[in-house]
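Chain and residue survey
Given next are the chains, with one letter for each unit.
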Amino acid sequence: MKINYYCFFLIFFTAFLTHSEAFAQTGQKFTIILDAGHGGKDPGNSYHGFTEKDIALKTTLKVGGFLNKIADMEVIYTRTTDVFVELVNRPKVANKVNANLFVSIHCNSVRSYQPYGTETFVMGLSRTDLNLEVAKKENSVILLEDNIKDNYQGFDPNKPESLIGLTIMQEENLNNSIILANEVQNNFTNNLQRNSRGIKQQPLWVLDAAYMPSVLIELGFLSNREEGEYLNSEEGQDQMAFQIASAIVQYKNKFYGTGGGVTGLESSAPKIVPKQIPVPAAVTSGTVYKVQLMASEKNIAMIPSNFKGLSGISNTYDSQLYRYMYGETNSEEEAQKLEREARNAGFPDAFVTTVN
């Protein structure tokens, strides 16, 4: 039988209200589900000898170790060893116990070795192709599972149209998910001086199927050697785990009160000295330049035929406008060359701009 998303949403919303009231009235423990991404036959991404499934697990267990120091916290893991857990079963762990939060921990990667920094995803339909590729990558673990048709009702992680239905159930939780994501990103940036790539909405199955506020944290890029070394180290994992745990406590205290006299994580966990990640040499050697071709309210498919034959198009979305960019370089001279190419192709107002 196919999923009725509207009924599913009503069931979820009723459960959420009941749980919130029960917590406030009985002082029951605040339950957090910690999900270490990938595992077993699914290694996630791997660069420079760093493997996502291992780093995610070690960091996740450290997060739980910090949270377990607090009396009114209950921590449940989706995995504690190197095992494969089907994506469909991860949020089921949270739903079964009617948890307060679901946090999934991952590591990022791209083909280029330059990008670095943290980002946190919440449920939602993004309008950028880059984020859609992240969603397809994280959802692609479905293809390793048995009984795909029965578990996912025809959901195909490679088809954008399959992602649209994933936004319905989590709308009511979206604001709280964003608040938690903001706590996480602020902690990374303010306390560890990590580069923040922001909070992004994306239709990720593991977030959609959870009946509570949920986030997916990308700790950083393993494809960037400096950042990968940090995340693969004991020190880096301790620091990242502490900041995630702190964000969870900050969220809990904001919505549920401190409970049981708990004043915060700092009162029961060791202090961690922040360590700034070295900026990759490729980035310090120069600013990243792109050429802006145009801005539009329309989401235009980024194929050469839509941009007068130019390839290597990217976009950003801000203030209700899509800004379409051509090329990418660390050389100002090369950027000026790209600008001339864009103008010769038929974009007379093209100009060089810098990007983060």
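Residues numbered from 1 in each chain as written. Predicted model: local features only at pLDDT ≥ 70, side-chain atom pairs only at ≥ 80, totals over all residues. Heavy atoms only, no water.

Turning to the overall build of the protein, a few remarks are in order. A tally of regular secondary structure across the protein gives twelve helices and twelve strands. Out of the 356 residues in the protein, the part that is buried amounts to 50%. With an accessible surface of roughly 16,400 Å², the protein has 50% of that area assigned to carbon and sulfur atoms. (Helix = DSSP H or I, 4+ residues; strand = E, 2+ residues; numbered from the N terminus. Buried < 20%, exposed > 50% of the residue type's maximum accessible area, 1.4 Å probe, protein only. Areas by Shrake-Rupley, 256 points an atom, 1.4 Å probe, with all protein chains shown as cover.)

A word on the confidence of the model for the protein. Across the protein, pLDDT averages 77, with 69% of residues at or above 70. The secondary-structure element of the protein with the lowest mean pLDDT is helix α11 (residues 281-284), recorded at 40, while strand β1 (residues 30-36) shows the highest, at 97. Throughout residues 165-170 the model reports pLDDT below 50, and contacts reaching past four residues in sequence, or to other chains, amount to 26 contacts. pLDDT under 50 marks residues 279-285. Its contacts with residues more than four places away, or in other chains, come to eleven contacts. (pLDDT = per-residue confidence, 0-100. Contact = heavy atoms within 4.5 Å.)

All right, on to unusual backbone geometry then. Its identity as a non-glycine residue notwithstanding, His48 has a phi of 55°, on the positive side. Tracing the backbone shows His48 in the loop between β2 (46-47) and β3 (50-51). Residue classification places His48 among the partly exposed positions, given a relative accessible area of 25%. Positioned with a positive phi, Lys308 is a non-glycine residue whose angle comes to about 55°.

Ranked by size, the top nonpolar core spans 38 residues in total, and within it Ile32, Val63, Leu67, Val103, Leu219 and Ile248 carry the most contacts. By residue number, the principal contributor to this core is helix α10 (residues 234-256), which donates ten residues. With residues up to four places along the chain from it excluded, the contact list for Val103 reads Ile32, Ile33, Leu34, Asp35, Leu180, Val215, Ile217 and Ile248. (Core = buried A, V, L, I, M, F, W, Y, C linked by side-chain atoms within 4.5 Å.)

With that out of the way, let us pick up α10. In this model, α10 (23 residues) spans 32 Å end to end at C-alpha, consistent with the 33 Å of a helix rising 1.5 Å per residue. Phi turns positive one or two residues past the end of α10, at Gly257, with a value near 80°. (Expected span 1.5 Å × (residues − 1).)

Right, let's talk about the sheet that holds strand β8 (residues 214-221) for a bit. Across a sheet, paired strands are connected by hydrogen bonds in the backbone, their directions being either parallel or antiparallel. What the six strands build is an open sheet, ordered β4-β1-β5-β8-β6-β7; its pairing is mixed. The open sheet terminates on both sides in strands that have one partner only, identified here as β4 (73-77) and β7 (196-201). Averaged over all adjacent pairs, the angle separating strand axes in this sheet is 20°, with direction ignored. Two elements, strand β5 (residues 101-108) and β8, share six bridges in a ladder whose sense is parallel. Bridge assignment links Ile105 to a residue of β8, and that residue is Ile217. Packed on one face of the sheet, helix α7 (residues 174-192) meets β5, β6 (118-122), β7 and β8 and runs near 175° to β6. Docked against the sheet, α10 engages β1, β4, β5, β6 and β8, running at close to 150° with respect to β1. (Pairing = 2+ DSSP bridges. Axes fitted to C-alpha atoms, helices over the stretch in contact; angles between N-to-C directions.)

A word on the pairing of β6. Of all five residues making up β6, five are buried, and the element is well covered by its neighbours. Of the two faces of β6, the one holding Thr118, Thr120 and Val122 and the one holding Glu119 and Phe121 are both buried throughout. The pairing of β6 with β7 spans four bridges and is parallel. Its bridge partner lying in β7, Phe121 is registered against Lys200. With three bridges joining them, β6 and β8 adopt antiparallel strand pairing. Across the sheet, the residue bridging to Phe121 is Leu216, located in β8.

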